[in-house]
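Chains, contacts and geometry: an overview
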Amino acid sequence: MHGASGAGSGIIAGCSLREPGPLMEKFAAFGGRRLFLAMCCLTLALSACKSNEGKPEDGKASADTRKEFTRRNGYACCNLHYSGDWISDSNLGQLPFIPAGTPISVRKIDGYRAYVEVDGKPMRLGHDYGRAQETTEQWVNKLVVLEDPKPKIARFSPAVRNAIAKGQLMKGMTREQVIIAVGHPQTDENPRLDGPYWRYWWSSFGPYYVYWAKGAVSKIEGHSETVGHMTYKGK
């Protein structure tokens, strides 16, 4: 208000023709005051709109913040090979394994890692190789299933049950039985499970191949020592 009044006085003072009368001064002061108040109200209204733009309602998180990981309790889908507290999607056959059906609780997924409890023992799942083909959560959900596979295993033939218990393979096994026995093959090397063979690893330098014919294992190929380790020879 003071700025508008000052500017008006300067302009009138610079004019030598006439001086404003008292009525004109009152009108100018009243009109300037109304204009100033109107501008203040408009500014406050625009500020309030701006401050509320995109802001979630009190007590409600935005869409990004609402999404939280839900703890998953289930069972090992299959024999999961491990080193120390580490279970990788490479699932190397030479390592010891956690038997299919072991209770697993997924506590947290962080990037390419999942923090779990395996039968009460803290361990980690490492999504090391199949990152381009599936998310960590998709991979973890394959490993930690909600239905215990042990009743299903109990319905298999004695030879297949024994092979699974040893983490080995035999001719005639179905795809489901192979997964239970030796785990899921690496997704980066086996993006589709309907191919003519699956590639697995005995060690970091020792691959082996499971070939299929009519939905069942037809042969196992690789280094003779590796094939020997992975083939069940019982009846």
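See the structure shown above.
A few points on the structure.

Analysis parameters
- Residues numbered from 1 in each chain as written.
- Predicted model: local features only at pLDDT ≥ 70, side-chain atom pairs only at ≥ 80, totals over all residues.
- Heavy atoms only, no water.
- Helix = DSSP H or I, 4+ residues; strand = E, 2+ residues; numbered from the N terminus.
- Buried < 20%, exposed > 50% of the residue type's maximum accessible area, 1.4 Å probe, protein only.
- Contact = heavy atoms within 4.5 Å.
- Phe/Tyr/Trp six-rings, centres within 6.5 Å; stacked < 30°, edge-to-face > 60°.
- Lys NZ or Arg CZ within 6 Å of the ring centre and 35° of its normal.
- Salt bridge = Lys/Arg side-chain N within 4 Å of Asp/Glu carboxyl O.

If you trace the backbone, tyrosine 197 turns up in strand β9 (residues 197-203). With relative accessibility at 37%, the residue tyrosine 197 sits in the partly exposed group. Contact partners of tyrosine 197, with chain neighbours within four places excluded, come to Asn190, Tyr209, Val210, Tyr211 and Trp212.

This paragraph deals with the packing of aromatic side chains. Aromatic rings in a pair are described by how distant their centres are and how their planes are angled relative to each other. Applying the stated criterion across every chain yields a total of five aromatic pairs. Ring plane angle 70° and centroid distance 5.6 Å describe the contact between tyrosine 197 and tyrosine 209, whose orientation is recorded as edge-to-face. Here the residue tyrosine 197 occupies a position in strand β9, and tyrosine 209 occupies one in strand β10 (residues 206-213), the gap between them amounting to 12 residues. Classification of tyrosine 209 as partly exposed rests on a relative accessible area of 22%. These aromatic residues form a ring-pair network of at least three members: Trp198, Tyr200, Tyr208 and Trp212. The ring of tryptophan 212 carries the charged tip of arginine 175 above its face, separated from the ring centre by 4.7 Å. The cationic tip of lysine 219 hangs over the ring face of tyrosine 211; the distance from NZ or CZ to the ring centre is 4.8 Å.

By secondary structure assignment, the location of lysine 121 is in strand β7 (residues 121-126). Lysine 121 sits in the partly exposed class, given a relative accessible area of 45%. Separated by 36 residues in the primary sequence, lysine 121 and aspartate 85 have C-alpha atoms spaced 8.8 Å apart.

On to the pattern of salt bridges, then. Per the stated rule, a full pass over the model turns up 10 salt bridges. In this structure, the salt-bridge partner of lysine 152 is glutamate 176, at a minimum N-O distance of 2.8 Å. Placement of lysine 152 in helix α5 (residues 150-154) and of glutamate 176 in helix α7 (residues 175-182) is noted, with a sequence separation of 24 residues between them. Assessed through its relative accessible area of 29%, lysine 152 is described here as partly exposed. Of the charged contacts in the structure, one is a salt bridge between glutamate 221 and lysine 219, with a shortest N-O distance of 3.0 Å. Judged by its relative accessible area of 33%, glutamate 221 falls in the partly exposed class.

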